[in-house]
Amino acid sequence: MTTQTIRFLQHGAVHEIADVPATRTVLQHLRETALCTGTKEGCAEGDCGACTVVLGELDASGELALKAVNACIQFLPTLDSRALFTVEDLRGEDGALHPVQQALVDCHGLQCGFCTPGFVMSLWALYHNHPADAGPPSCALVR
Ligand code: FES
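Residues numbered from 1 in each chain as written. Predicted model: local features only at pLDDT ≥ 70, side-chain atom pairs only at ≥ 80, totals over all residues. Heavy atoms only, no water.

1. Describing helix α1 (residues 26-33)
Residues separated by three or four positions in an α-helix point in the same direction, a consequence of the helix having 3.6 residues per turn. Every buried residue of α1 is listed here: Val 26, Leu 27, His 29 and Leu 30. One face of α1 carries all of its buried residues, which in axial projection span an arc of 165°. Where the residues of α1 are buried, they touch β1 (6-10), β2 (13-17), β3 (52-58) and β5 (83-85). Positive phi appears at Leu 35, one or two residues downstream of α1, with a value of about 55°. (Buried < 20%, exposed > 50% of the residue type's maximum accessible area, 1.4 Å probe, protein only. Helix = DSSP H or I, 4+ residues; strand = E, 2+ residues; numbered from the N terminus. Arc of directions from axis to C-beta. Contact = heavy atoms within 4.5 Å.)

Here it is in structure tokens:
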């Protein structure tokens, strides 16, 4: 079973994919087709968060609203008309870490590192959606 052609924004460009299998996941697409291997597969059933990516779409006021989702259970056709952000998108032009990544480093907010891209993407969505609440990233953000 396939779907119609989908279009979505990733890495600043519109991507168009035809004949997308309805059950292909965003994680499969990222790792096997787009070769964006920063997004990890842990449980592959929506429990661990290692695969967390962020979807963006315009809200009713025209603002970009971000939502962290588990790529392992998010089907690829649902990306149509949305923006997809992965940990690769957070790297600054000069290679600098995003403030949420730096906060994780500064506060030793890591375990083995395998799940870290998922932690980062969840924090990034929170940071974007609630900038006034979050203030500058600090150790309080990662505790
Ligand atoms: S790989 Fe565990 S939630 Fe997706």
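That was the structure; now back to the text.
2. Comments concerning the pairing of β2
Here β1 runs beside β2; their pairing, made up of 5 bridges, is antiparallel. Across the sheet, Leu 9 pairs through a bridge with Val 14, a residue of β2. Linking β1 back to β2 in an antiparallel pair, the connection comprises 2 residues, with His 11 at a positive phi of about 50°. (Pairing = 2+ DSSP bridges.)

3. Concerning the nonpolar core
Soluble globular proteins: nonpolar side chains tend toward being buried together. If you look at the biggest cluster of nonpolar residues, it comprises 16 residues, and the most contacted ones within it are Val 26, Leu 30, Val 53, Ala 71, Leu 76, Leu 79 and Leu 84. Elements supplying a minimum of two residues to this core: β1, α1 and β3. Among the elements that make up this core, the one with the highest residue count is α1 (3 residues). Dropping the residues within four chain positions of it, Val 26 is found in contact with Ala 71, Gln 74, Phe 75, Leu 76, Leu 79 and Leu 84. Counting 13 residues, the second largest nonpolar core, distinct from the first, contains Val 54, Leu 66, Ala 83 and Ala 125. (Core = buried A, V, L, I, M, F, W, Y, C linked by side-chain atoms within 4.5 Å.)

4. Some points on the sheet that holds β1
An order of β2-β1-β5-β3-β4 is seen for the 5 strands of this open sheet, with the pairing classed as mixed. The sheet is open, and its two edges are formed by β2 and β4 (64-70), each paired on a single side. Neighbour-to-neighbour, the strand axes of the sheet open up by a mean angle of 35°, direction not taken into account. The sheet contact formed by β3 and β4 spans 7 bridges and is antiparallel. Pairing of Gly 56 across the sheet is with Leu 66, part of β4. (Axes fitted to C-alpha atoms, helices over the stretch in contact; angles between N-to-C directions.)

5. A word on the environment of Glu 16
Within the secondary structure, Glu 16 sits in strand β2. Between the C-alpha atom of Glu 16 and that of Thr 5, which follows or precedes it by 11 residues, the distance is 6.8 Å. Among the polar contacts made by the side chain of Glu 16, one reaches the side chain of Arg 7 at a distance of 2.9 Å. (Polar contact = N/O pair within 3.5 Å; in protein donor to acceptor, adjacent residues only side chain to side chain.)

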